[in-house]
Amino acid sequence: MNKRIVKFATLAAVGALALTGCSGSDQGGSGTKDDSIVLIAGHQLAEGTPFDQGLKKFAELVEEKTDGRVKVEVKPNAQLGNETEMFQGLETGTVDAGIFAPGSIAEYYPSITLLSMPYLVEDRDARDQILESGILDSIEQGITDKTGTEILSYFGGSVRQMFFTEPARSIEDVEGRLFRVQPSEMLTESYQAMGLEPTVIAYNELYNALESGVVNGAENEAVFIESQKFYEAAPNILLTQHEVTFRMLMISSKTWDKLGDELTPLVREAGEEAGVFARDVEGIADEELIASLGDHDGVTVTKVDTSAWRAKMEPIWEKYAEQWGVSEELKSIEEL
């Protein structure tokens, strides 16, 4: 595998694409062009990022395994809309496939947020054990039954870190600081337990919120800390490693119906192989980006002891797992 990491560009959301012009068909996201079925697949990041590399690998494998009978057009930079809009496209069949964070579909199937619980998954090896164990099978089937979409594979593998506007060298230093969180009751309660003061801020407003002091800190993956230049407004990075990311490669059930029994297993196989490729690429990229963040002027990167935070998470895991009906899955992950 080529492990040269392509330099990340800034995310640029450019609005939803008119799908009929891409698919060669006026009926949904799949169409025919030169006697091939063309699938439309999207993601939120820039060209050259691990999401893009992984989805293009998927396209390459699909064309190869189907002898050109199925082709995939990759649309980066949120060309198909944000992840929520793209997921709605999967449900209706106007989008064939895409990459999604668990939080982006939590509104439609809350229990998938199990994969975003802080400190539940310790590292990439633990993530791989979960993916290989079948623990997530019932959740995946539930998503298909309820939403008409299907998880083909998993991308991801970046590790989320915290960053602050004011100096910070330990978890004690950040107690009481205003901290941007995603709109999630589970995450809000988790960060409160860590001693932070959670505040919901829209992602596209985060840089200005840090710069103006509306919040004093936030968390994200290295690719976003770098590409969105959050290190300028919040140059004190703590390696809290509180979440190993799972990013689902999903496909519309309506697309399965169009592909038929012969092509479906070939596309599924391509998805699984692309997932392995993408996780490897993203893991390497994440490690290199974390190592390079400290090269920016004025930026400090500090590894911290988070054992006290970890100890406070288990009751929160159990509370929400019971609420979502996935207590058995939680137990199985903990036993791993």
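The structure under discussion appears in the preceding block.
Below: a short report on this structure. Owing to the predicted nature of the structure, the values given are computational and were not obtained by experimental measurement.

**Notes on a negative patch on the surface**
Then, in step 1: Together, Glu314, Glu318, Glu322, Glu328, Glu334 and Glu335 give the surface a local cluster of negative charge.
Then, in step 2: Within the residue set of the negative patch, elements represented by two or more residues are helix H12 (314-324) and helix H13 (327-335).
Then, in step 3: Topologically, Glu318 is positioned in helix H12.
Then, in step 4: On the accessibility criterion, Glu318 (41% relative accessible area) is partly exposed.

**Describing the pairing of strand S2 (residues 36-42)**
Then, in step 1: Burial analysis of S2 places seven of its seven residues in the buried class, the great majority of the element.
Then, in step 2: Residues Ser36, Val38, Ile40 and Gly42 of S2 are buried on one face, and the alternating residues Ile37, Leu39 and Ala41, pointing to the opposite face, are buried as well.
Then, in step 3: Bridging between S2 and strand S3 (residues 70-75) involves six bridges; their strand directions are parallel. Across the sheet, residue Ile37 finds its bridge partner in S3, namely Val70.
Then, in step 4: Following the backbone out of S2, through helix H2 (residues 50-65) and into the adjacent parallel S3, one traces a crossover that is right-handed.
Then, in step 5: Relative to strand S4 (residues 97-100), S2 is paired through two bridges, and the arrangement is parallel. Note on S4: the bridge partner recorded for Ala41 is Ala97.

**Some points on helix H3 (residues 83-92)**
The α-helix advances 3.6 residues per turn, and as a result positions three or four apart in sequence lie on the same side.
Then, in step 1: Considered for burial, the residues of H3 that qualify are Glu83, Met86, Phe87, Gly89 and Leu90. Along the axis of H3, the buried positions cluster into a sector of 150 degrees, meaning they face one direction only.
Then, in step 2: The backbone nitrogen of Thr84 lies 3.1 Å from a side-chain oxygen of the residue at the head of H3, namely Asn82.
Then, in step 3: Where H3 ends, the next residue or the one after it, Gly93, has phi of about 90 degrees, a positive value.

**Observations regarding the packing of H2 against helix H10 (residues 253-293)**
Then, in step 1: In contact at an axis separation of 8 Å, H2 and H10 are set at 150 degrees when each is read in the N-to-C sense. As the angle between them shows, H2 and H10 are arranged roughly antiparallel. Considering only the axes of H2 and H10, their crossing is right-handed. In contact with Pro50, Phe51, Gln53, Gly54, Lys57, Phe58, Leu61, Val62 and Lys65 of H2, H10 contributes Leu266, Val267, Glu269, Ala270, Gly271, Glu273, Ala274, Phe277, Ala278, Val281, Glu282 and Ala285.

What counts, and where the lines are drawn
Residues numbered from 1 in each chain as written. Predicted model: local features only at pLDDT ≥ 70, side-chain atom pairs only at ≥ 80, totals over all residues. Heavy atoms only, no water. Patch = residues over 30% accessible without salt bridge, like charges linked within 9 Å, V, L, I, M, F, W, Y side chains within 5 Å. Areas by Shrake-Rupley, 256 points an atom, 1.4 Å probe, with all protein chains shown as cover. Salt bridge = Lys/Arg side-chain N within 4 Å of Asp/Glu carboxyl O. Lys, Arg positive; Asp, Glu negative; His and termini not counted. Charge placed at Lys NZ, Arg CZ, Asp CG, Glu CD. Helix = DSSP H or I, 4+ residues; strand = E, 2+ residues; numbered from the N terminus. Buried < 20%, exposed > 50% of the residue type's maximum accessible area, 1.4 Å probe, protein only. Pairing = 2+ DSSP bridges. Right-handed = clockwise from strand over helix to strand, strands pointing away. Arc of directions from axis to C-beta. Polar contact = N/O pair within 3.5 Å; in protein donor to acceptor, adjacent residues only side chain to side chain. Axes fitted to C-alpha atoms, helices over the stretch in contact; angles between N-to-C directions. Parallel < 35°, antiparallel > 145°, perpendicular 65-115°, else oblique. Left-handed = near helix turned anticlockwise from the far one by under 90°. Contact = heavy atoms within 4.5 Å.

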